[in-house]
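Given next are the chains, with one letter for each unit.
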Amino acid sequence: TYQWTSHPERILVNNQWQNYKLTDSQTSVKFETQSIGSLQYDKTTCSYSYYPTGYIQGQSSLLSSVSWIGRVAQVGTDEWTSLESLNSASCEVSTSQTDNGITITATKSAANVTMVHTLKADIEKGIKETVRITNNDPTLTNQKFAATQTIHTSPVIELPFMVANNQDLVFENGTTKII
């Protein structure tokens, strides 16, 4: 048999079916959808939580907190240290919308470095995030920068396509830590 789908699953907002519901407040951004899951971005911490599809209220998160920290090392070494001034800096957040989703851009800046976290959520393409760290001091030519992602979750992650004990998950790139 063949199944034809005219559009992604939609969410009911004020008695009208919509691609997603966006709530942008002073402290958070909520993106609620029936197609790719829902997320809540915390503007005070530059972190987000990920939920099953639908409205967030009353649901337990699948990923309770996802965040990034900046690190620095001398070129030629692997002795990384945390960029505390950057990581503790305030979070400036902007949000833009399209018909199919949102882009959240969060920026942290310290004296000589800037970190930009971009989180794109699209009901057809899924969720994509990127992090960019920029050295703003041209005299620091012997420094290299990196970002480390931390994911806080329950001991077992239940997704529609699998159930995983997070102790069994292995990431090869070494930049993601599951807690």
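Structure: see above.
Below you will find a few notes about this structure.

About the thresholds
- Residues numbered from 1 in each chain as written.
- Predicted model: local features only at pLDDT ≥ 70, side-chain atom pairs only at ≥ 80, totals over all residues.
- Heavy atoms only, no water.
- Pairing = 2+ DSSP bridges.
- Helix = DSSP H or I, 4+ residues; strand = E, 2+ residues; numbered from the N terminus.
- Axes fitted to C-alpha atoms, helices over the stretch in contact; angles between N-to-C directions.
- Disulfide = S-S within 2.5 Å.
- Contact = heavy atoms within 4.5 Å.
- Phe/Tyr/Trp six-rings, centres within 6.5 Å; stacked < 30°, edge-to-face > 60°.
- Buried < 20%, exposed > 50% of the residue type's maximum accessible area, 1.4 Å probe, protein only.
- Salt bridge = Lys/Arg side-chain N within 4 Å of Asp/Glu carboxyl O.

## What about the sheet that holds strand β9 (residues 92-97)?
- Ordered by their spatial adjacency, four strands build an open sheet running β9-β10-β11-β12, and the pairing between neighbours is antiparallel. The open sheet has two free edges, formed respectively by β9 and β12 (126-135), since each of these has just one partner strand. Sheet twist, expressed as the mean angle between neighbouring strand axes with direction ignored, is 15°.
- Alignment of strand β11 (residues 113-122) against β12, held across 10 bridges, turns out to be antiparallel. Paired with K120 across the bridge in β12 is K128.

## Topic: the state of the cysteines
- Here the structure, examined in full by the defined rule, presents one disulfide.
- Disulfide partner of C46: C91, at an S-S distance of 1.8 Å. Judged by the sign of its S-S torsion, about 95°, the cystine formed by C46 and C91 is right-handed. With C46 in the loop between β5 (38-42) and β6 (47-51) and C91 in the loop between α1 (84-87) and β9, this residue pair connects regions lying 45 residues apart in the sequence.

## Considering the environment of Y20
- With respect to the helices and strands, Y20 occurs in the loop between β2 (16-18) and β3 (21-24).
- For the pair formed by Y20 and E9, sequence separation is 11 residues and the distance between their alpha carbons is 9.3 Å.
- Discounting residues that sit within four places of it in the chain, Y20 has contacts with I11, V13, F31, E32, T33, Q97, T98, D99, N100, G101 and I102.

## A few points about the packing of aromatic side chains
- Inspection of the entire model under this criterion finds two aromatic pairs.
- Centre to centre, the rings of Y20 and F31 are 5.0 Å apart; their planes meet at 40°, and the pair counts as tilted. Here the residue Y20 occupies a position in the loop between β2 and β3, and F31 occupies one in strand β4 (residues 28-32), the gap between them amounting to 11 residues.
- You can call Y20 buried: its relative accessible area is 9%.
- Under the relative-accessibility criterion, F31 is labelled buried at 0%.
- For the ring pair Y41 and Y48, a centre distance of 6.4 Å and an interplane angle of 15° mean the geometry is stacked.
- Judged by its relative accessible area of 0%, Y41 falls in the buried class.

## With respect to the pattern of salt bridges
- Scanning all chains against the criterion turns up two salt bridges.
- Between D24 and K43 there is a salt bridge, with its nearest N and O atoms 2.6 Å apart. With D24 in strand β3 and K43 in the loop between β5 and β6, the pair connects residues that are 19 residues apart, well separated along the chain.
- What makes D24 partly exposed here is its relative accessible area of 42%.
- Since its relative accessible area comes to 14%, K43 is described here as buried.

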